[in-house]
Amino acid sequence: MQRHSSNGHGTVIRFRTAGLVLLAAHLLLVAWVTLRPLDVPWVSAANLHPLASIRADLALGWRQGARCIVTGLALLAPLGVLLPLAGGRLSVSTWGSLLRTVAAGALISLGIELLQTGVPGQVVNIDSLLLNTVGVALAHVAVVPALRARLRRRAELRPLPQQEPAQGPTPTIPRVGVAP
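Residue numbers restart at each chain and count upward from 1, following the sequence in its written direction. Residues qualify for local features only when their pLDDT is at least 70, as the model is predicted, and side-chain atom pairs are given and counted only at 80 or more; totals for whole chains, interfaces and linings, by contrast, use all residues. With hydrogens and water set aside, each side-chain value is computed from the structure's full complement of heavy atoms.

Q: Which residues make up the confidence of the model for the protein chain, and what are the values?
A: Summing up the model confidence of the protein chain, the mean pLDDT is 87 and the portion of residues at 70 or higher is 92%. Confidence of the predictor at the level of single residues is captured by pLDDT, which takes values from 0 to 100. Helix numbers and strand numbers start at the N terminus; a helix is a DSSP run of H or I with at least 4 residues, a strand a run of E with at least 2. Per-element averaging of pLDDT across the protein chain places helix H1 (residues 9-35) at the bottom with 90 and helix H5 (residues 94-115) at the top with 96. Throughout, a residue-residue contact means that at least one pair of heavy atoms, one from each residue, lies within 4.5 Å. Confidence drops under pLDDT 50 across residues 1-6; counting only partners more than four residues distant or on other chains, this segment forms 3 contacts.

See the structure below:
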């Protein structure tokens, strides 16, 4: 009979489950905020020139520009933490994790921008894509490596589970010679 030990596998499952639930909740919130129709009297043209809307926001004043930039950075920033949390891996390359997370964040942001083309009152903006991707990267760099290091230290400090006592040496079968 095989005994199941608590070697941290249950913790990984809890983290993955929490990550997936929070990720789904965040994506639903983002979809509601970004994809609901707006009742506006006019709509500006789509911005396909990088940094054009950021320059325009900064031209309105530093306060307005900073608010728009922070909003763009913060919209998808939680994905920088939630995507690795949903993955549930502790020992993974820092650069590989960052690359995967930023690529997933960029693709999600691109999907949102493409879906906005069919929503009344919403406009495609390349700067939103850039700011959302940078926000995901900043959140990942700020939180994930330190959190993984802390969880790894905690796993190393946990005492190993008690194993069953040895029942003697493994039996061996004498070799039979091969016929000529």
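Q: Talk me through a positive patch on the surface; I want residue IDs and the actual numbers.
A: Taken together, the side chains of Arg14, Arg150, Arg152, Arg153, Arg154 and Arg158 make up a positively charged region of the molecular surface. Sort the elements by how many residues they give to the positive patch and helix H6 (residues 126-157) lands first, with 4 residues. Here's how the labels work: a residue is buried when its accessible area is under 20% of the maximum for its type, exposed when over 50%, partly exposed in between, all with a 1.4 Å probe on protein chains only. Residue arginine 150 is classed as exposed on the basis of its relative accessible area, which comes to 58%. Patch criteria: residues need more than 30% relative accessible area and no salt bridge. Like-charged residues are merged within 9 Å; nonpolar side chains of Val, Leu, Ile, Met, Phe, Trp and Tyr are merged within 5 Å. Residue burial considers only the protein chains on display, and all accessible areas are found by Shrake-Rupley using a 1.4 Å probe. When a carboxyl oxygen of Asp or Glu is within 4 Å of a side-chain nitrogen of Lys or Arg, the pair counts as a salt bridge. By the counting rule applied here, Lys and Arg register as positive and Asp and Glu as negative, while His and the ends of each chain are not counted. By convention, the charge on Lys lies at NZ, on Arg at CZ, on Asp at CG and on Glu at CD.

Q: If you had to explain the packing of aromatic side chains to someone new, which residues and values would you point to?
A: Note on aromatic contacts: the rings of Phe and Tyr and the six-membered ring of Trp form a pair at centre separations within 6.5 Å, being stacked when their planes are under 30 degrees apart, edge-to-face when over 60 apart, and tilted otherwise. Applying the stated rule across the entire model yields 0 aromatic pairs. Our definition puts a charge over a ring when NZ of Lys or CZ of Arg is within 6 Å of the ring centre and also within 35 degrees of the ring normal. The positively charged end of arginine 36 is found above the aromatic ring belonging to tryptophan 32, 4.4 Å away from the centroid.

Q: Could you give an account of the side chain of asparagine 47, naming the residues involved and the relevant values?
A: Tracing the sequence through the fold places asparagine 47 in the loop between H1 and helix H2 (52-59). Counting of polar contacts relies on pairs of N or O atoms within 3.5 Å, with two restrictions inside protein: one atom must be capable of donating a hydrogen and the other of accepting it, and residues adjacent in sequence are counted only when both atoms are side-chain atoms. Separated by 3.5 Å, the side chains of asparagine 47 and serine 53 make a polar contact. In contact with asparagine 47, not counting residues within four places along its chain, are Ala52, Ser53, Val124, Asn125, Ile126 and Asp127.

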